[in-house]
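Secondary and tertiary structure notes
Take a look at the letters that make up each chain.
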Amino acid sequence: MHIASYLSSLMQMSRLVKKSPSVCTDLPLNSSDVCNKLRLMKELLKSSYGPTARLKQVHNNIGGAVVTTSTSSVLLQAISSSHPIVSLIKGSILNHVSRFSDCGLFASVFCLSLIEEAGRCDLSQNVIIRVNKHLLSLCTAHLQQEDCGCKVQLDFCSSQSLITLARSVISSKPTCVLSEPESAHISRLAVQAFLLTVPCNIPDKVRLGRTVTIPMEGHSVLESAVFPGLLLDTPENISLGNLCSPLRMVLFSASLAGDLSELGDGRIEVHQGVDTDSQIVDQLLELGKQVLKDEVKLFVCQKVIHPVLQHYLRCNGVIVIERLGISLMEPLIQLTGAQPVATLHTTVPWEAYGEVHVSVRPFGSKTKLHLHPAGKTTICTMILCHRNETMLSELKLVCQKTEHVLRLTLREPCALLGGGCTETHLAAYVRHQSKNDVSESSPVLGCSQTEYLLAGEAFCRSLESVATSLEHDDGASLIDLTHAHHWTLPSDATEEHLEDAAALCGCGVVQSCQNKKWSYLNTEYAEFSPEPLLTASPLQPTVLDSFTAKVNALEVAVETANLVLDVRYVIQDVN
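Residues numbered from 1 in each chain as written. Predicted model: local features only at pLDDT ≥ 70, side-chain atom pairs only at ≥ 80, totals over all residues. Heavy atoms only, no water.

Turning next to the packing of helix H5 (residues 104–120) against helix H17 (residues 547–565). Interaxial distance between H5 and H17 falls to 8 Å at its minimum, and their mutual angle equals 35 degrees. Handedness of the crossing formed by H5 with H17: right-handed. Of H17, the residues touching H5 (which contributes Phe106, Ala107, Phe110, Cys111, Leu114, Ile115 and Ala118) are Lys550, Ala553, Leu554, Ala557, Val558, Thr560, Ala561, Val564 and Leu565. Its residues assigned to classes, the contact of H5 with H17 shows 14 nonpolar, one polar and one charged. (Axes fitted to C-alpha atoms, helices over the stretch in contact; angles between N-to-C directions. Helix = DSSP H or I, 4+ residues; strand = E, 2+ residues; numbered from the N terminus. Left-handed = near helix turned anticlockwise from the far one by under 90°. Contact = heavy atoms within 4.5 Å. Nonpolar A, V, L, I, M, F, W, Y, C, P; charged D, E, K, R; others polar.)

Printed below as a string of structure tokens:
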């Protein structure tokens, strides 16, 4: 016995491993391993940027669904790294995307470019951080000005600028695989759905409506449509022949399945010989009698309804909908004015009832129950169609992001020029301003004029690298030396025929001409102040970016890069 006990204790001791001390790394950005990880992360996200981006397939090593995407929110969540620097950048960008839904890839590429350029310019990181903060304030102040050369005011009297903004978001995701007519159709639907959610009569407290998206696989994208109100799956054996709209309705958030577990918390005492099932059914039927007495014609439950109650209500001409789900509760409340009933143990109060018009609407091989009020509504349903599940899943995600971007225009009704033109414009503006105020700014920032100009050049090159990230087919990126807009030159074009190869700039506002001067991006050219565009220009922008999302992404990118540059030690627990 003693030997067995001794051997057992030895085996337990052999399993114990001495805890290793934490590893402290000095100056993590000097590590080639960290720099390689950041470079790989940049290439991954850079190649996913823009309408001609390269797609990525995300899957794990234990099976499961394979996701094809180029969306920053999906890609960043799929990136797993044990290094805190990578996790810091990833978390910062994901937080921005969760709040603004757009410009995640812009923020990622710009942030990583700032870090990379800081390592090349051989300056003190404290100097780079201070100059970055100063140039960021210069950019944001310029973008807030009314006469900013890359800012466009949105006219809500016309939907064209909103459609352009929506189309820019949708067409930037190549996984959706949309043709030009399909992209235009979805963009118009997105704007239509957005406008339906904005109330016509503005009360003291504005409450926007909701867009409910129903994906339908196997149909043409051009069959997608938007309907005011809600479309629900049609219940069995429905007949609207004898029903006169509007219908009185009741909405239950509590389960009406009749299970004891649904009766709530606490102790349940059951007397001997009592049939609990029959008592619960009797109580449900009493509920049914009450709603029939109150002339309810539409009975909706978030959860399950007992079959006996369903049969009783349907036999008396009531439309019964169960398993509505929590996601549709709030839109249905806004649509009908009904208040959800959370228990079956009390009489349904009269003010809990709502009213709604009901009709049946066929869609493809399915039939939907269409709920809509008599007047205007801020609730709408978007039927979203595509040919297969992968494309449909990405399209649904993009449409949700587009709705968020359009809502941001209510806060600030303006947009920024897309196609890389805002980035090149800002780079030229910052380069010009920094050279003009170098004697004033460098003493304030505690650096020499040379250090200030070098750090400023690194900032401008980082902005320009975002613009060059839009090209994925071996073409060249250029800047015109007049308006500082971004141009893309196909790989087979020659410099003698630049005006023919690049007819329009990236945003579509500036036309090419013979006397226009150019320079390749990421090459040295004389600094200049971008000239404003003519207000009477016949061309309208074809690519727009969200103003609110991009300004915040600009701030997030610089602040995150500065935070990474400021990290002196990384302490990691390796146990």
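Buried residues dominate helix H11 (residues 329–336), accounting for six of its eight residues. Every buried residue of H11 is accounted for by Met329, Pro331, Leu332, Ile333, Leu335 and Thr336. Two residues or fewer past H11, Gly337 is found with a positive phi of approximately 80 degrees. (Buried < 20%, exposed > 50% of the residue type's maximum accessible area, 1.4 Å probe, protein only.)

Right, let's get into the sheet that holds strand S4 (residues 151–153). Taken in spatial order, the three strands line up as S4-S14-S18 in an open sheet, and their pairing is antiparallel. At either margin of the open sheet sits one strand with a lone partner, and together these are S4 and strand S18 (544–546). Each strand of the sheet is rotated relative to its neighbour by a mean of 45 degrees, with strand direction disregarded. Where S4 meets strand S14 (residues 414–417), three bridges bridge the pair, whose relative direction is antiparallel. Bridging across to S14, Gln153 finds its partner in Cys414. (Pairing = 2+ DSSP bridges.)

It is worth spelling out the layout of surface pockets at this point. One water molecule sets the probe size; rolling that probe over the atoms shows where empty space is left. Approximately 710 Å³ is the volume found for the second largest pocket. Elements represented by at least two residues in the lining of the second largest pocket include exactly S4 and helix H7 (160–171). Across the lining of the second largest pocket, the residue classes break down as eleven nonpolar, nine polar and four charged. (1 Å grid on protein atoms, 1.4 Å probe; cavity = no way out; pocket = protein on both sides within 12 Å on 5 of 7 lines; lining within 4 Å. Points joined across faces, edges and corners; volume = space filled by probe spheres on them.)

We now examine the pattern of salt bridges. Per the stated rule, a full pass over the model turns up 19 salt bridges. Arg568 is the partner of Asp26 in a salt bridge, and the nearest nitrogen-oxygen pair spans 3.0 Å. Linking Asp26 in strand S1 (residues 23–26) with Arg568 in the loop between H17 and strand S19 (569–572), this pair joins segments that are 542 residues apart in sequence. Asp26 sits in the partly exposed class, given a relative accessible area of 39%. Between Arg248 and Glu295 there is a salt bridge, with the nearest N and O atoms lying 3.9 Å from each other. You can see Arg248 sitting in strand S8 (residues 247–252) and its partner Glu295 sitting in the loop between helix H9 (276–293) and strand S9 (298–301), a full 47 residues away along the chain. For Glu295, a relative accessible area of 55% gives the class exposed. (Salt bridge = Lys/Arg side-chain N within 4 Å of Asp/Glu carboxyl O.)

In short, shape yes, function no, at least from these values alone.
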